[in-house]
Amino acid sequence: MTRRYVIIFFLCCIAAAQSTSQSVYVHPSHEVYDFLKRMDGKRVLTDYRDAVKPITRREVASYLIIIDQHSDQLTSVEKQQLEFFKQEFFVELKQLKYEKELPEERWHLYPYRSTPGTFNIDLVGGISAQANPTKTNTKIWSNGLMGYGYEGDFIGMYLYFRDNHESGSYISIRNDLTPIQGQIYSGTSTKNSFDFDLYDAQMNFDVASFLVLSIEKMPNVWGPGYHGNVILSDRP
């Protein structure tokens, strides 16, 4: 299944058609949502609604434009965060033809820019270690890739894949009753370790200005709040 998502993404990259951009959704766990919510709390944004996530990268970019136009209401730290997100959503800000001078686009391992389409591909990875009060420990090593792009008049796509190795004196394959996103167990395990995959993928077709058809595997969050959300498709 994982290979299928990777193959579909790269076939779409190769088969780029004539266009600029359409819908690519931002994962509900992305830190930009917290930033937008804070701006809504300060009344810098007046029409932001986060009861249903995810929203598209272009919607995020449109909110960043509004915030940038009212940057005099931001603290110095918030202005730095705004510049950080303007770098990340550089492509979408250009698509919206924002006239204000933009910072340089964030560096990508493989950026592709042409009339047929726009794609960004990056490697991802990390190491985490946790010491528990019960004198047990958990360590996680991960690596993978993330990519998104636009092609044709109405196609957007996104892929996020991470291969993980969890080890230690306390490990949990199922992670029941936890907020951790559902994971795909790869079948490789020992007494103190196991491997699992995390991946999200989407392909979106903008049929009309009011209709987007999506083939995706990605969490959908319904309801406000940090811990009171109803989360759909977040666990296997």
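See the structure printed just above.
Note that the structure is predicted; figures quoted are calculated from it, not measured.

Quick look at the pairing of strand S3 (residues 117-131) now. Across 4 bridges, strand S2 (residues 110-113) lies against S3 in antiparallel orientation. When the bridges of S3 are listed, Tyr110 appears paired with Ile121. Between the antiparallel neighbours S3 and strand S4 (residues 137-151) lie 5 residues, among them Lys135 with a positive phi of about 65°.

On to the nonpolar core. Core analysis: the largest hydrophobic core is formed by 18 residues, its most contacted members being Val32, Phe35, Leu36, Val60, Leu64 and Ile67. Elements represented by at least two residues in this core include exactly helix H2 (32-41), helix H3 (57-69) and helix H4 (76-88). Of the residues forming this core, the biggest block, 5 residues, is contributed by H2. Excluding residues within four positions of it along the chain, Val32 makes contact with Val26, Val60, Phe85 and Phe89. Membership of the second largest hydrophobic core comes to 8 residues, among which are Val91, Tyr150, Tyr158 and Met218.

The interhelical angle for the contact between H2 and H4, taken along N-to-C directions, is 135°, at an axis separation of 11 Å. With respect to their mutual orientation, H2 and H4 come out oblique. The element H2 and its partner H4 pack so that their crossing is left-handed. Contacts from Val32, Phe35, Arg38 and Met39 of H2 reach H4 at Glu78, Gln81, Leu82 and Phe85. Looking at side-chain class alone, the contact of H2 with H4 contains 5 nonpolar, 1 polar and 2 charged residues.

All told, the structure shown has 9 salt bridges when counted by the stated rule. Here Arg106 makes a salt bridge to Glu88, at a shortest N to O gap of 3.0 Å. Residue Arg106 is located in the loop between helix H5 (90-95) and S2, and its partner Glu88 is located in helix H4; the two are separated by 18 residues in the primary sequence. A relative accessible area of 24% places Arg106 in the partly exposed class.

Tallying each qualifying case throughout the model produces 7 aromatic pairs. Where Tyr48 meets Tyr63, the ring centres are 5.2 Å apart and the plane angle is 90°; that geometry is what we call edge-to-face. Taken together, the residues Tyr48 in the loop between H2 and strand S1 (52-53) and Tyr63 in helix H3 connect sequence positions 15 residues apart. Geometrically, the ring pair formed by Phe84 and Phe85 is edge-to-face, given 5.5 Å between the ring centres and 75° between the ring planes.

Basis of the calculations
- Residues numbered from 1 in each chain as written.
- Predicted model: local features only at pLDDT ≥ 70, side-chain atom pairs only at ≥ 80, totals over all residues.
- Heavy atoms only, no water.
- Pairing = 2+ DSSP bridges.
- Helix = DSSP H or I, 4+ residues; strand = E, 2+ residues; numbered from the N terminus.
- Core = buried A, V, L, I, M, F, W, Y, C linked by side-chain atoms within 4.5 Å.
- Buried < 20%, exposed > 50% of the residue type's maximum accessible area, 1.4 Å probe, protein only.
- Contact = heavy atoms within 4.5 Å.
- Axes fitted to C-alpha atoms, helices over the stretch in contact; angles between N-to-C directions.
- Parallel < 35°, antiparallel > 145°, perpendicular 65-115°, else oblique.
- Left-handed = near helix turned anticlockwise from the far one by under 90°.
- Nonpolar A, V, L, I, M, F, W, Y, C, P; charged D, E, K, R; others polar.
- Salt bridge = Lys/Arg side-chain N within 4 Å of Asp/Glu carboxyl O.
- Phe/Tyr/Trp six-rings, centres within 6.5 Å; stacked < 30°, edge-to-face > 60°.

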